[in-house]
Amino acid sequence: MADAEIIKKRRTLQETMNFLAALSAGIEPILGRGANSMTMSAGRNLGRKFSAHAKTTDDLLEALNEVKRVLIENNCLWGFEPFKPAGQAELVTINAQGSRQILLVFRDCMIRQALFRFGHPQMGSLCNMMYGFFAGSLETIMTKKATLEIKHAGENACLKLLTIES
Amino acid sequence: MLEMTIHDKSCRGCRFCLDVCPTDCFVFNEETQKAMVAKVDNCIACLSCTSICPAAAITHRNHHVVANFYRNINFSRRMEKFL
Ligand code: SF4
Ligand code: SF4
């Protein structure tokens, strides 16, 4: 696809995201926690749909590469990369419940751009959509439940903890 | 590689950067009562410290700045009317 075409598609997606940001900011005070469930569910459906033909694997790093590929294939600008803090031996760690965990840094994010444009706070229902997307996508690729907890929502990057339930 | 510096003379010692950093990149020097960069390798370039620092003392170099090229300013202007 030509660059101009990709930019046009992303612009349309960003417009939709701006619109969604306005909508979610409007419904959050009315629906409260219900708004999060709605966006989570929408994200999960999108994740499942995008990953329907993705390669299945139980290797977490391979699965993340597959999620990345799926996002690029659908012209979505949601760049993320694994993060290993200094002093931590492995990229993938195991928590007390025996579930695999990995820290992810999200840089370019259409949701963050949309929220900042209108002064909406981060970590709301629209950010929860990304949790839904990962849950849906990894459910399809790894056939396991996944959660994506926002550890920090920053101005230029966000830090999230991905947990794959054992 | 990412670089981060604190302009020593500007730092007011408020510790905001220590509180906001999700990856513990700073330490506080009790002697000078100023913040210091301790673990630059841990910096994810979220720029929360830069945004919160009241003295604009923190500078990052060679970091990824989020892409904005797809933003449609005209659409945003139109939407503003409704918000
Ligand atoms: S936020 Fe700025 S002024 Fe406050 S301690 Fe950190 S560098 Fe110093
Ligand atoms: S940019 Fe973020 S991760 Fe880096 S030092 Fe500042 S607050 Fe910490």
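Look up a bit, the structure's there.
What you see is a predicted model, and the numbers here were worked out from it, not measured in a lab. Sequence positions are assigned chain by chain, starting from 1 and proceeding in written order. For this description, chains carry letters from A and ligands carry numbers from 1, given in the order in which they are written. Local features in a predicted model are, by the rule used here, given only for residues with pLDDT of at least 70; side-chain atom pairs are given and counted only at 80 or more, and totals for whole chains, interfaces and linings are based on all residues. Excluding hydrogens and water, the side-chain values take into account all heavy atoms of the structure.

Caption draft 1: Geometry of the overall build of chain B. When you go through chain B residue by residue, the secondary structure sums to 3 helices and 4 strands. The order of α-helices and β-strands along chain B, N terminus first, is β-α-β-β-α-β-α. The classification of residues rests on relative accessible area computed with a 1.4 Å probe and restricted to protein chains. Under 20% of the type maximum is buried, over 50% is exposed, and intermediate values are partly exposed. Considering chain B as a whole, with its 83 residues, one finds that 40% of them fall into the buried category. Of the contacts formed within chain B by residues at least 6 apart in sequence, a portion of 53% connects residues at least 24 apart. Segments assigned H or I by DSSP are reported as helices when at least four residues long, segments assigned E as strands when at least two residues long, and all are numbered from the N terminus. Any pair of residues with heavy atoms lying within 4.5 Å of one another is described as a contacting pair.

Caption draft 2: Geometry of the packing of aromatic side chains. Centres within 6.5 Å make a pair out of two Phe, Tyr or Trp rings, where for Trp the six-membered ring is used; the pair is then stacked when the planes are under 30 degrees apart, edge-to-face when over 60, and tilted otherwise. Tallied over the entire structure, the rule returns 5 aromatic pairs over all chains. With a centroid separation of 6.0 Å and 75° between ring planes, the pair formed by Phe50 of chain A and Phe133 of chain A is classed as edge-to-face. Linking Phe50 of chain A in helix α2 (residues 33–50) with Phe133 of chain A in helix α5 (residues 125–142), this pair joins segments that are 83 residues apart in sequence. Of the residues examined, Phe133 of chain A reaches a relative accessible area of 3% and is grouped as buried. Among the aromatic residues, those joined into a ring-pair cluster are Phe50, Phe80, Phe106, Phe133 and Phe134 of chain A. For a lysine, the NZ atom is tested; for an arginine, the CZ atom; a charge sits over a ring if that atom is within 6 Å of the ring centre and within 35 degrees of the ring normal. Its end group placed over the ring of Phe106 of chain A, Lys160 of chain A keeps NZ or CZ at 4.6 Å from the ring centre. Arg15 of chain B extends its terminal NZ or CZ atom over the ring of Phe28 of chain B, reaching a point 3.8 Å from the ring centre.

Caption draft 3: Structural view of helix α4 (residues 110–117) of chain A. With 6 of 8 residues buried, α4 of chain A is to be regarded as a mostly interior element. Positive phi shows up at Gly119 of chain A, right after α4 of chain A, with a value of about 70°.

Caption draft 4: View of the site of ligand 2. Near ligand 2 there are 13 residues, and of these Cys21, Cys43, Cys46, Leu47 and Cys49 of chain B occur at the shortest range. Polarity classes work like this: nonpolar for Ala, Val, Leu, Ile, Met, Phe, Trp, Tyr, Cys and Pro, charged for Asp, Glu, Lys and Arg, and polar for all others, with Gly in that last group. Looking at the shell around ligand 2 residue by residue, the classes come out as 11 nonpolar, 2 polar and no charged. When at least one non-hydrogen atom of a residue lies within 4 Å of a molecule or strand, that residue is treated as near it.

Caption draft 5: Examining the nonpolar core more closely. Residue types Ala, Val, Leu, Ile, Met, Phe, Trp, Tyr and Cys, when buried and joined through side-chain atoms within 4.5 Å, form a set referred to as a nonpolar core. Of all hydrophobic cores here, the largest spans 37 residues; its most connected members are Leu104, Phe134, Leu138 and Leu162 of chain A. Secondary structure elements with two or more residues in this core: α3 (60–73), β1 (78–83), β3 (100–109), α4, α5, β4 (146–153) and β5 (158–164) of chain A. Top element by residues in this core is α5 of chain A. It accounts for 9 residues. Discounting residues that sit within four places of it in the chain, Leu162 of chain A has contacts with Leu60, Leu64, Arg100, Gln101, Ile102, Leu104, Phe134, Leu138, Ala146, Thr147 and Leu148 of chain A. Of all hydrophobic cores here, the second largest spans 16 residues; its members include Cys21, Cys25, Cys43 and Cys49 of chain B.

Caption draft 6: Here's a closer look at the packing of α3 of chain A against α5 of chain A. Residue and element names in this part refer to chain A. Their axes nearest at 10 Å, the elements α3 and α5 cross at an angle of 120°. With respect to each other, α3 and α5 are oriented oblique. Here α3 and α5 pass one another in a crossing that is right-handed. Two secondary-structure elements touch here, α3 through Leu60, Ala63, Leu64, Glu66, Val67 and Leu71 and α5 through Phe133, Phe134, Ser137, Leu138, Ile141 and Met142. Within the contact of α3 with α5, the residues separate by chemical class into 10 nonpolar, 1 polar and 1 charged. Interaxial angle, 0 to 180 degrees, is taken between N-to-C directions of lines fitted to C-alpha atoms, where a helix line uses only the stretch in contact. An angle counts as roughly parallel when it lies under 35 degrees, as roughly antiparallel when it exceeds 145, as roughly perpendicular when it falls between 65 and 115, and as oblique in every other case. In a left-handed crossing the near helix is turned counterclockwise from the far helix by less than a right angle, and in a right-handed crossing that turn is clockwise.

Caption draft 7: Molecular detail of the site of ligand 1. The immediate surroundings of ligand 1 are formed by Ile6, Cys11, Arg12, Gly13, Cys14, Arg15, Phe16, Cys17, Ala35, Cys53, Pro54 and Ile58 of chain B. When its residues are assigned to classes, the shell around ligand 1 shows 9 nonpolar, 1 polar and 2 charged.

Caption draft 8: Layout of the pattern of salt bridges. Residues and elements named next belong to chain A. We count a salt bridge whenever a side-chain nitrogen from Lys or Arg sits within 4 Å of a carboxyl oxygen from Asp or Glu. One pass over the structure, following the stated rule, counts 10 salt bridges over all chains. Residue Arg44 pairs with Glu139 through a salt bridge whose shortest N-O separation is 3.4 Å. Remark: Glu139 occurs in helix α5 and Arg44 occurs in helix α2; sequence separation between them is 95 residues. The partly exposed category is assigned to Glu139, whose relative accessible area is 24%. In this structure, Arg69 and Glu66 form a salt bridge, with 2.8 Å as the shortest nitrogen-oxygen distance. One end of the pair is Arg69 and the other is Glu66, both in helix α3 and 3 residues apart, which spans about a single turn.

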